[in-house]
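Structure assessment
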Amino acid sequence: MTLKRIKKIGYVSIGLFYGTCLGIIGTVVGFFVFLLSLISYPFLSQAAKFSISPIIGLLLMVFIPVGVFIIGFIEGLIGAFFCNIALSITKGLELEIE
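Below, the structure is looked at part by part. (Residues numbered from 1 in each chain as written. Predicted model: local features only at pLDDT ≥ 70, side-chain atom pairs only at ≥ 80, totals over all residues. Heavy atoms only, no water.)

**Observations regarding the overall build of the protein chain**
Quick reminder of the rule: Here a strand is any run of E in DSSP of at least two residues, a helix any run of H or I of at least four, and the numbering for each starts at the N terminus. When we talk radius of gyration, it's over C-alpha atoms, and the globule rule is simply 2.2 Å times the number of residues to the 0.38.
Assigned secondary structure in the protein chain consists of 3 helices and 2 strands. Secondary structure elements of the protein chain, listed N to C terminal, follow the sequence β-α-α-α-β. Over its C-alpha trace the protein chain gives a radius of gyration of 21 Å, far above what one expects of a compact globule, namely 13 Å for 98 residues. Over its C-alpha atoms, taken along the principal directions, the protein chain stretches across nearly 65 × 25 × 15 Å.

Have a look at this one:
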């Protein structure tokens, strides 16, 4: 077993990783929003049918994961920036690798 020291984290790799994780969660949430719009559509009044139509649910199923991925990517960039500051102050992070 060897000890390795992490001194810097790549901004883009952390941004992509965090954005992808949140994008997967956003896909699940978007699917349930679409499913809810399909289930509730027959029970709505005429005025409410436009605001919660299955087409809007389908659009949200696409735009929720994309929007959450973008937000997660930006959060990952900011998080990696502060993590690199902390790593430079504390002289790195030791990991034990087999």
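**Points about the pattern of salt bridges**
Convention followed: Salt bridge criterion: a side-chain nitrogen from Lys or Arg within 4 Å of a carboxyl oxygen from Asp or Glu.
Inspection of every chain in the model, using the stated rule, returns 1 salt bridge. In this structure, Glu-94 and Arg-5 form a salt bridge, with 2.6 Å as the shortest nitrogen-oxygen distance. Here the residue Glu-94 occupies a position in strand β2 (residues 93-97), and Arg-5 occupies one in strand β1 (residues 2-6), the gap between them amounting to 89 residues.

**What about the packing of helix α1 (residues 11-40) against helix α3 (residues 54-89)?**
When two helices pack together, you describe them by how their axes are tilted relative to each other and by the distance separating the axes. For clarity, the threshold we go by: All axes are obtained by fitting lines to C-alpha atoms, using only the stretch in contact for helices, and the reported angles, taken between N-to-C directions, cover 0 to 180 degrees. If an angle is under 35 degrees, it is roughly parallel; if it is over 145, roughly antiparallel; if it lies from 65 to 115, roughly perpendicular; otherwise it is oblique. In this scheme, a crossing is called left-handed if the near helix is turned counterclockwise away from the far one by less than a right angle; it is called right-handed if the turn is clockwise.
Where α1 contacts α3, the axes come no closer than 6 Å and their chain directions differ by 155 degrees. Here α1 lies roughly antiparallel to α3, going by the angle between them. Remark: the crossing between α1 and α3 carries right-handed chirality.

**Considerations on the packing of aromatic side chains**
Rule in force here: Planes of paired rings set the category: under 30 degrees apart is stacked, over 60 is edge-to-face and the rest tilted, where pairs are Phe, Tyr or Trp rings (Trp by its six-membered ring) whose centres lie within 6.5 Å.
As enumerated under the stated definition, the model contains 3 aromatic pairs in all. Between Phe-69 and Phe-73, the ring centres sit 6.4 Å apart and the planes meet at 25 degrees, which makes this aromatic pair stacked. Of the two residues, Phe-69 and Phe-73 are both situated in helix α3; the distance of 4 residues between them amounts to about one turn of the helix. Centroid distance Phe-81 to Phe-82: 5.3 Å. Interplanar angle 70 degrees. Geometry classified as edge-to-face.

**Comments concerning the side chain of Ser-37**
Definition in use: Under this definition, polar contacts are N or O atom pairs within 3.5 Å; protein pairs additionally need one hydrogen-donor-capable and one acceptor-capable atom, and for neighbouring residues in sequence, both atoms have to be side-chain atoms.
Here Ser-37 lies in helix α1. At 2.7 Å, the side chain of Ser-37 and the backbone oxygen of Phe-34 are in polar contact.

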